[in-house]
Amino acid sequence: MATRRPARRRGAPGAAAVLRAAAEQLAELLGRPPDSVSSVKPTEDGWEAVVEVVELERIPDTTSVMGSYTVALDEEGELISYERTRRYSRGMVDRPGR
């Protein structure tokens, strides 16, 4: 069964604009620049993105501590909420089944 994608309002920002908005607004709140955006998807009320942030820089870089944040944005790309959902070492590779 196919999932129905919410209709985008005319003039509402697209995924690229939402990615930039999510990263900029989260950086302002956390005081740290985002490292990357690993996902973005439309929702019933706007958008949801997952933003990766370096929380603790270490040497070598692969041992730096990263945080994954789920960010909810409204239809205009304004941040509604955010939550850290995971912490991990940058060099850690996801393994199936975990």
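Before going into details, it helps to say that this report is about the structure given with it.

Criteria and cut-off values
- Residues numbered from 1 in each chain as written.
- Predicted model: local features only at pLDDT ≥ 70, side-chain atom pairs only at ≥ 80, totals over all residues.
- Heavy atoms only, no water.
- Phe/Tyr/Trp six-rings, centres within 6.5 Å; stacked < 30°, edge-to-face > 60°.
- Helix = DSSP H or I, 4+ residues; strand = E, 2+ residues; numbered from the N terminus.
- Buried < 20%, exposed > 50% of the residue type's maximum accessible area, 1.4 Å probe, protein only.
- Lys NZ or Arg CZ within 6 Å of the ring centre and 35° of its normal.
- Core = buried A, V, L, I, M, F, W, Y, C linked by side-chain atoms within 4.5 Å.
- Contact = heavy atoms within 4.5 Å.
- Lys, Arg positive; Asp, Glu negative; His and termini not counted.
- Salt bridge = Lys/Arg side-chain N within 4 Å of Asp/Glu carboxyl O.
- Polar contact = N/O pair within 3.5 Å; in protein donor to acceptor, adjacent residues only side chain to side chain.

**Focus on the packing of aromatic side chains**
In total, this model carries 1 aromatic pair according to the counting rule given. Judged by centre distance (6.1 Å) and plane angle (50°), the ring pair of Tyr-69 and Tyr-82 falls under tilted. With a gap of 13 residues between them, Tyr-69 in strand β3 (residues 65-74) and Tyr-82 in strand β4 (residues 79-89) connect regions that are remote in the sequence. Among the residues examined, Tyr-69 registers a relative accessible area of 5% and is labelled buried. In this structure, Arg-86 is placed above the aromatic ring of Tyr-88, and the distance from its NZ or CZ to the ring centre is 4.1 Å.

**Describing the nonpolar core**
One finds Val-18, Ala-21, Ala-22, Leu-26, Leu-30, Trp-47, Ala-49, Val-51, Val-53, Tyr-69, Val-71 and Leu-73 forming the largest nonpolar core, which totals 12 residues. When contributions to this core are tallied by element, the ones reaching two or more residues are α1 (15-30), β2 (46-56) and β3. Looking at which element gives the most residues to this core, the answer is α1, with 5 residues. When neighbours within four sequence positions are excluded, Ala-22 is seen to be in contact with Ala-49, Val-51, Val-71 and Leu-73.

**Some thoughts on the environment of Gly-91**
Checked against the element boundaries, Gly-91 lands in the segment after β4. Separated by 29 residues in the primary sequence, Gly-91 and Thr-62 place their C-alpha atoms 4.4 Å from one another.

**Digging into the side chain of Glu-52**
Residue placement: Glu-52 occurs in strand β2. Buried and unpaired, Glu-52 has no salt bridge, with Arg-86 as the nearest side chain of opposite charge at 5.5 Å. Within polar-contact distance, the side chain of Glu-52 engages the side chain of Tyr-88 at 2.7 Å.

**Notes on the environment of Glu-78**
Counting through the fold element by element, Glu-78 comes out in the loop between β3 and β4. If we skip the residues at most four places from it in the chain, Glu-78 touches Gln-25, Ala-72 and Leu-73.

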